Structure formats: C-alpha cells, structure tokens
Amino acid sequence: MRILPTIAILAGLFVAACGSPDSGSEMGAGNGQTLTIYSSRHYDSDYALYEAFEEETGVTVEVIEADGDLLVERISAAGDRNPADVIITADAGRLWRAEQAGLFAPVSSEILEARVPESMRHPDGLWFAVSTRARIIVYAEERVDAGALTGYASLADPAFRGRVCARSSGNVYNISLLAALIDRWGADAAQQWAQGVAANFAREPLGGDSDQIRAVAAGECDVAIVNHYYFARLAGEEPAVTEGLAIYWPNAEPGVHVNISGMGVSRNAPNPELARQFLEFAVSDRAQRFFAELTNEYPAVASVTYENAVLDELGDFQADPLAATVLGENQAEAQRLFDRAGWQ
Ligand SMILES: [Fe+2]
C-alpha cells in the first residue's frame with residue numbers, strides 16, 4: 001500500500017490520506033473531493049479498496065482507523081470537526097453498536113440491494129456486508145478423532161475436558177457466536193453450552209484467535225474456536241504452525257456461524273452521494289476480490305469468483321443463513337449468558 005502524501009497523527013488516531021498522484025486525471029470526477037472513512041479494520045484488502053476507489057474516481061480517501069470498541073466513541077467525539085462519510089467495521093455486533101449510537105444514515109441503492117444478500121444488510125439500508133467470515137473449530141489431528149466433532153455442541157462434551165482453548169467472552173466474535181446459538185437453541189441451552197465449554201478449558205481465556213491456533217499447535221490444548229481467516233493466514237504465511245492441525249466445519253444444522261464486515265454511510269456525512277458510491281464500489285467484482293485474495297475473507301457477493309489457493313484448501317461449508325441483524329439484537333443477552341456461565 002502507498003500511503004501518500006501524508007501520514008498524520010491526529011488526536012491519537014492513525015490518519016492516512018491515500019493519495020494517488022496521477023489518479024483521476026482521465027475521469028476528472030474527483031474535483032478535489034475528499035471522502036473520510038472511519039474504519040476498525042486494518043487489512044490489506046481495505047487499503048487496496050481505498051486506492052482502487054481513488055484511481056477510479058479521482059477522489060482523495062482519508063482513513064481514520066480506530067480499534068473496534070473505540071470506533072463508535074471516536075466517530076461521535078469527532079462531531080463536526082472531522083465528520084465521517086463512511087463507517088466500516090468488522091462483526092455484526094459492532095455494526096449494531098454503531099447503529100444503536102445513531103451513527104448511520106439510511107441508504108437506498110439498487111446496486112447494493114441487488115448484490116448484498118438480504119440477510120447481510122440492514123432492512124433500512126443503514127449498513128451492508130462487504131465480506132463474510134466463518135467461526136470454525138481448529139484441532140490437532142494427532143490428538144483428536146475428527147469423528148468426535150459433530151458441531152459447536154461437541155466443545156461442551158465432557159470428552160474434551162481440559163482440552164479446549166478459547167479467547168475471552170468479552171470478544172465480539174464470541175458474543176456474536178453465542179448470539180447465533182441463542183437463536184438456534186434458545187437461551188437456556190446456549191448458556192448450558194457456554195458453561196460446558198468453560199468447564200473444558202485447558203487454561204483461562206487468553207489472547208486473540210491466532211493465539212488459540214498457536215496454543216493448539218504447541219499442545220497446550222487440542223481444539224479451539226477461531227475465525228477461518230486467521231487459520232488461512234497462518235497456513236499461508238507460517239505453514240509450520242498449521243502443520244499437524246486441521247479445521248472442522250461445524251456444518252450441523254443450520255450450519256456454520258458466519259459473521260460479516262460491513263459499511264454504512266454516516267449520518268453526518270459531508271458527502272453522502274460520494275459515500276454511497278464508495279459502498280457500491282466496495283461490492284463490485286473487482287473490490288470483492290480484494291477481500292478474498294488479500295485478507296482471506298469470503299466475498300459478500302455470492303457470484304464473485306476469486307483466486308486464493310489457501311482458501312480453496314479450507315474446502316466448502318454450509319453457512320448458517322441467520323440474518324446479521326439477529327446477531328446484533330442478541331448481543332446483550334449473549335454477554336449475560338457468558339457471565340453466568342463463568343466464561344471469563
Ligand atoms: Fe479479526
């Protein structure tokens with residue numbers, strides 16, 4: 001990624017103006033316009049997306065990155081000083097928090113409505129998925145009989161006592177997983193599951209998803225729950241870590257829990273039309289390939305094909321068709337159930 005012409009630290013935020021010096025000369029559509037994006041994602045796919053948008057429109061993209069849980073605060077705090085045009089975040093739970101904070105404006109777009117499946121966008125157009133991620137189970141091939149895994153439910157089986165690694169229940173990926181399981185099994189069964197998994201921990205919850213994979217590789221535990229792209233990244237970049245590990249797709253009905261990364265237009269957007277145009281560009285074939293080829297996510301637009309040998313290697317799976325809005329609605333209850341279950 002080229003970060004041109006400036007990198008500035010502003011109020012503790014990382015601000016990158018991704019200017020492409022010769023962009024826009026043909027289309028001339030930029031007219032010196034700047035699109036301000038607030039994002040909690042720090043992925044190569046997104047930098048490619050910004051740069052491609054600049055190239056195609058001549059617009060300058062300014063990106064302000066803030067970590068997931070700080071994003072909402074920072075956008076609210078920015079007020080009129082540096083208002084967002086576009087808001088990007090990973091996880092339906094975080095989109096929901098931004099929605100609850102009143103940060104989004106409704107967008108009506110035939111392109112977005114046609115390309116993003118209904119279950120992956122807000123019914124009033126407040127946000128739209130751009131990529132999807134599956135929450136899967138990683139296991140040590142030598143120590144786990146693949147037949148012992150029959151879905152997420154297996155992780156609560158006493159057969160796995162002392163053998164499960166997980167990250168903390170405060171993490172939004174786990175909250176959204178439990179939010180999906182509440183819808184699937186009901187609150188009581190979901191809590192029992194969380195309790196059963198917590199009883200099977202090899203150690204207290206610690207670290208991020210990659211750390212869980214490394215812990216299985218190191219023999220600290222035998223199974224772990226992680227987002228698929230962490231495994232794909234390690235398999236591609238550090239194959240020594242994933243050697244001896246396998247992934248299990250919890251396909252049991254209604255399927256593998258799938259979460260989204262999404263975008264919306266800010267309620268205070270100085271350039272709402274341009275912001276909508278950016279969202280439409282993000283679901284174009286070209287942009288969708290960035291998510292699969294540079295970040296190992298799955299495109300939100302089902303018809304998009306991509307080249308990624310590591311992702312192909314993970315194989316096919318059946319995705320839970322649950323609407324992303326439900327993941328948001330069940331956030332608070334999921335957090336409560338985790339607390340009651342003693343999953344730290
Ligand atoms: Fe992540």
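Residues numbered from 1 in each chain as written. Predicted model: local features only at pLDDT ≥ 70, side-chain atom pairs only at ≥ 80, totals over all residues. Heavy atoms only, no water.

What about the pairing of strand 4 (residues 60-65)?
The condition is simple: Strand pairing requires that DSSP identify at least two bridges connecting the strands. Secondary structure elements follow DSSP: runs of H or I no shorter than four residues count as helices, runs of E no shorter than two count as strands, and numbering proceeds from the N terminus. The path from the first strand over the helix to the second decides the hand: if it runs clockwise while the strands point away from the viewer, the crossover is right-handed.
Pairing of strand 3 (residues 34-39) with strand 4, which is carried by 6 bridges, proceeds in the parallel orientation. Along strand 4, the bridge assignment pairs Tyr-38 with Ile-64. Viewed along the sheet, the connection from strand 3 through helix 1 (residues 44-57) into strand 4 turns out right-handed.

Regarding the domain arrangement of the protein chain
For clarity, the cut-off: Domain ranges listed in this record stem from an automatic or a database domain assignment. Only heavy atoms enter the contact rule, under which two residues are in contact if any of them lie within 4.5 Å. Note on definitions: buried area is the accessible-area loss of two parts on being combined, 1.4 Å probe, summed for both. Whenever Lys or Arg places a side-chain nitrogen within 4 Å of a carboxyl oxygen from Asp or Glu, that contact is recorded as a salt bridge. Whenever a nitrogen or oxygen atom comes within 3.5 Å of another N or O atom, the pair is scored as a polar contact, on the condition that within protein one atom can donate a hydrogen and the other can accept it, and that pairs from neighbouring residues in sequence are kept only if both atoms are in side chains. Any residue that is not Ala, Val, Leu, Ile, Met, Phe, Trp, Tyr, Cys, Pro, Asp, Glu, Lys or Arg is counted as polar, Gly included; the first ten are nonpolar and the last four charged.
Parsing the protein chain into structural domains produces domain 1 (5-132 + 260-308) and domain 2 (134-257 + 315-341). Contacts between the two partners involve 16 residues from domain 1 and, on the opposite side, 21 residues from domain 2. Summed over both partners, the interface of domain 1 with domain 2 buries about 1,400 Å², with 61% contributed by carbon and sulfur atoms. At the surface where domain 1 touches domain 2, the tally comes to 0 salt bridges. Inspection of the domain 1/domain 2 interface yields 3 residue pairs in polar contact (both at pLDDT 80 or more). Counting residues per element, the side of domain 1 that touches domain 2 draws most heavily on helix 3 (residues 92-100), which supplies 5 residues. Looking at side-chain class alone, the side of domain 1 that touches domain 2 contains 7 nonpolar, 5 polar and 4 charged residues.

Re the coordination of the iron ion
Our working definition: Only nitrogen, oxygen and sulfur atoms within 2.8 Å of the metal, or 3.2 Å for Na, K and Ca, are treated as donors, and water is left out, so sites may look incomplete. Three exposure classes are used, based on accessible area relative to the maximum for each residue type with a 1.4 Å probe and protein chains only: buried under 20%, partly exposed in between, and exposed over 50%.
Coordination of the iron ion by the protein is provided by Tyr-173 (OH), Tyr-229 (OH) and Tyr-230 (OH), with metal-donor distances spanning 2.0 Å. Going along the chain, you hit the donors of the iron ion in the pattern Y-x55-Y-Y. Placement of the pair is Tyr-173 in helix 5 (residues 172-185) and Tyr-230 in helix 8 (residues 228-237), with a sequence separation of 57 residues. The pair Tyr-173 / Tyr-230 is uniform in exposure class, with both members buried.

Remarks on helix 1
What counts is decided by this rule: The span you would expect from a helix comes to 1.5 Å times its residue count less one.
In this model helix 1 runs 20 Å from its N-terminal to its C-terminal C-alpha over 14 residues, within 8% of the 20 Å that 1.5 Å per residue would give. In terms of burial, helix 1 is a largely internal element, 10 of the 14 residues being buried. For helix 1, the complete set of buried residues consists of Ser-45, Asp-46, Tyr-47, Leu-49, Tyr-50, Glu-51, Ala-52, Phe-53, Glu-54 and Thr-57. Gly-58 lies just past helix 1 and shows a positive phi near 80°.

Some remarks on the packing of helix 5 against helix 14 (residues 331-341)
The condition that has to hold: Helix axes use the C-alpha atoms of the stretch in contact, all axes being lines fitted to C-alpha atoms, and the angles between their N-to-C directions lie in the range 0 to 180 degrees. Comment on the angle field: the value is read as roughly parallel under 35 degrees, roughly antiparallel over 145, roughly perpendicular from 65 to 115, and oblique elsewhere.
Relative orientation of the contacting elements helix 5 and helix 14 amounts to 100°, with a least axis distance of 8 Å. With respect to each other, helix 5 and helix 14 are oriented roughly perpendicular. Touching Val-172, Asn-174, Ile-175, Ser-176, Leu-178, Ala-179 and Ile-182 of helix 5 are Gln-331, Glu-333, Ala-334, Gln-335, Leu-337 and Phe-338, all from helix 14. Looking at the contact of helix 5 with helix 14 residue by residue, the class counts come to 8 nonpolar, 4 polar and 1 charged.

Brief notes about the environment of Asn-308
Within the element layout of this structure, Asn-308 appears in the loop between strand 12 (298-299) and helix 12 (309-314). Classification of Asn-308 by relative accessible area gives buried; the value is 8%. Asn-308 sits 14 residues away from Leu-294 along the chain, and the two C-alpha atoms are 8.7 Å apart. Not counting chain neighbours up to four residues away, the residues in contact with Asn-308 comprise Ala-292, Glu-293 and Asn-296.

Some remarks on helix 7 (residues 209-217)
Where helix 7 is concerned, the buried positions are Asp-209, Ser-210, Gln-212, Ile-213, Ala-215 and Val-216. Where helix 7 terminates, the next one or two residues include Gly-219, which has phi positive at roughly 85°.

Considerations on the packing of helix 6 (residues 187-199) against helix 14
In plain terms, the rule: Crossing chirality is assigned from the near helix's rotation relative to the far helix, an anticlockwise turn below a right angle marking it left-handed and a clockwise turn marking it right-handed.
Contact geometry for helix 6 and helix 14: axes closest at 9 Å, N-to-C directions at 45°. Judged by the angle between their axes, helix 6 and helix 14 are oblique. The crossing of helix 6 and helix 14 is right-handed. Of the residues in helix 14, those in contact with Ala-187, Ala-190, Gln-191, Ala-194, Gln-195 and Ala-198 of helix 6 are Glu-333, Leu-337, Phe-338, Arg-340 and Ala-341. Classifying every residue of the contact of helix 6 with helix 14 by side-chain character gives 7 nonpolar, 2 polar and 2 charged.

A few points about the nonpolar core
Put simply, the rule reads: What is meant by a nonpolar core is a set of buried Ala, Val, Leu, Ile, Met, Phe, Trp, Tyr and Cys residues, joined one to another through side-chain atoms within 4.5 Å.
Core analysis: the largest hydrophobic core is formed by 116 residues, its most contacted members being Trp-193, Met-263, Phe-278 and Trp-343. A domain split of this core shows at least three residues from each of domain 1 (5-132 + 260-308) and domain 2 (134-257 + 315-341).

What to know about the packing of aromatic side chains
Applicable threshold: Centres within 6.5 Å make a pair out of two Phe, Tyr or Trp rings, where for Trp the six-membered ring is used; the pair is then stacked when the planes are under 30 degrees apart, edge-to-face when over 60, and tilted otherwise.
If you walk through the whole model with that rule in mind, you get 12 aromatic pairs. Centroid distance Tyr-43 to Tyr-229: 6.2 Å. Interplanar angle 80°. Geometry classified as edge-to-face. You can see Tyr-43 sitting in the loop between strand 3 and helix 1 and its partner Tyr-229 sitting in helix 8, a full 186 residues away along the chain. With a relative accessible area of 15%, Tyr-43 lands in the buried category. On the basis of relative accessibility, which here comes to 2%, the residue Tyr-229 falls in the buried class. Each ring, one from Tyr-298 and one from Phe-317, has its centre 5.4 Å from the other, and the planes form 50°; the classification is tilted. Placement of the pair is Tyr-298 in strand 12 and Phe-317 in the loop between helix 12 and helix 13 (324-329), with a sequence separation of 19 residues.

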